[in-house]
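The chain contents come next:
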Amino acid sequence: MNTSFTLATDELLSSVDRLISEGGGRDKVLLGICRLLADSVEVFDWVGFYLVDPEAERELVLGPYVGEETDHTRIPFGKGICGQAAESLETFVVQDVSQADNYLACSMDVQAEIVVPVMNGDSFVGELDIDSHTRGSITEAHRELCEAICERVAPLM
């Protein structure tokens, strides 16, 4: 990782910490994080959180997000990249969504996607989903940043 991106990552994580400490409720904090990432990372075109629906068995419900509206407001575990991440509890990075099996197209512009599970202890509570309009744009540094953010927001969810 180059030094300038390390500084940017540190600054972004400090901003996330600040949003969390300011409080205002889960959705306000999550929306603030979505805005921060969408505004700060050039290749992040849609940023949102999916939350485990406590009233539905094995289903995600769309939470706060920034970007174009999506028809995918509910996603069963196992369906699409988000559902696969929910089922496997692993981060998924897809550099070319046209090559991905089981991909749910949110927009014709989406070329790459990263989905990071949010774990509160041993419990899966949600995930961070980011779409990019640039194929091959999700870097290892992006992955590390998103995973660090998910660790920080886990207690809120």
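Read on for a plain summary of the structure. (Residues numbered from 1 in each chain as written. Predicted model: local features only at pLDDT ≥ 70, side-chain atom pairs only at ≥ 80, totals over all residues. Heavy atoms only, no water.)

A word on the overall build of the protein chain
- Across its full length, the protein chain carries four helices and six strands.
- For the protein chain, the proportion of contacts with a sequence separation of at least 24, taken over those separated by at least 6, is 52%.
- For the protein chain, the exposed area adds up to about 7900 Å²; of that, 45% sits on carbon and sulfur atoms. (Helix = DSSP H or I, 4+ residues; strand = E, 2+ residues; numbered from the N terminus. Contact = heavy atoms within 4.5 Å. Areas by Shrake-Rupley, 256 points an atom, 1.4 Å probe, with all protein chains shown as cover.)

Describing the pattern of salt bridges
- Per the counting criterion, the structure on display carries seven salt bridges.
- We note a salt bridge from Asp53 to Arg74, for which the minimum N-O separation is 2.7 Å. Of this pair, Asp53 sits in the loop between β1 (46-52) and β2 (59-66) while Arg74 sits in strand β3 (residues 74-76); the two residues are 21 residues apart in sequence, bridging distant segments of the chain.
- A relative accessible area of 9% places Asp53 in the buried class.
- Between Arg143 and Glu147 there is a salt bridge; the shortest N-O distance is 3.2 Å. Of this pair, Arg143 and Glu147 both sit in helix α4 (residues 140-153), four residues apart, roughly one helical turn.
- Taken together, the shared-partner salt bridges connect Asp53, Glu59 and Arg74 into one network. (Salt bridge = Lys/Arg side-chain N within 4 Å of Asp/Glu carboxyl O. Buried < 20%, exposed > 50% of the residue type's maximum accessible area, 1.4 Å probe, protein only.)

Description of the nonpolar core
- In terms of nonpolar packing, the biggest core is built from 30 residues, with Leu37 and Phe49 touching the most fellow members.
- For Phe49, the contacting residues outside a window of four places in its chain are Leu30, Ile33, Cys34, Val61, Leu62, Gly63, Pro64, Glu127, Leu128, Val153 and Met157.
- Counting residues in each nonpolar core, the second largest holds 13 residues, with Leu62, Ala85, Ala86 and Val115 among its members. (Core = buried A, V, L, I, M, F, W, Y, C linked by side-chain atoms within 4.5 Å.)

Some remarks on the side chain of Ser132
- Among the structural elements, Ser132 can be located in strand β6 (residues 123-132).
- Taking relative accessible area as the criterion, Ser132 reaches 0% and is therefore assigned buried.
- In terms of polar contacts, Ser132 uses its side chain to reach the side chain of Ser137, at 2.8 Å.
- Beyond its immediate chain neighbours, meaning those up to four positions away, Ser132 contacts Val43, Asp45, Asp109, Val110, Gln111, Ala112, Ser137 and Ile138. (Polar contact = N/O pair within 3.5 Å; in protein donor to acceptor, adjacent residues only side chain to side chain.)

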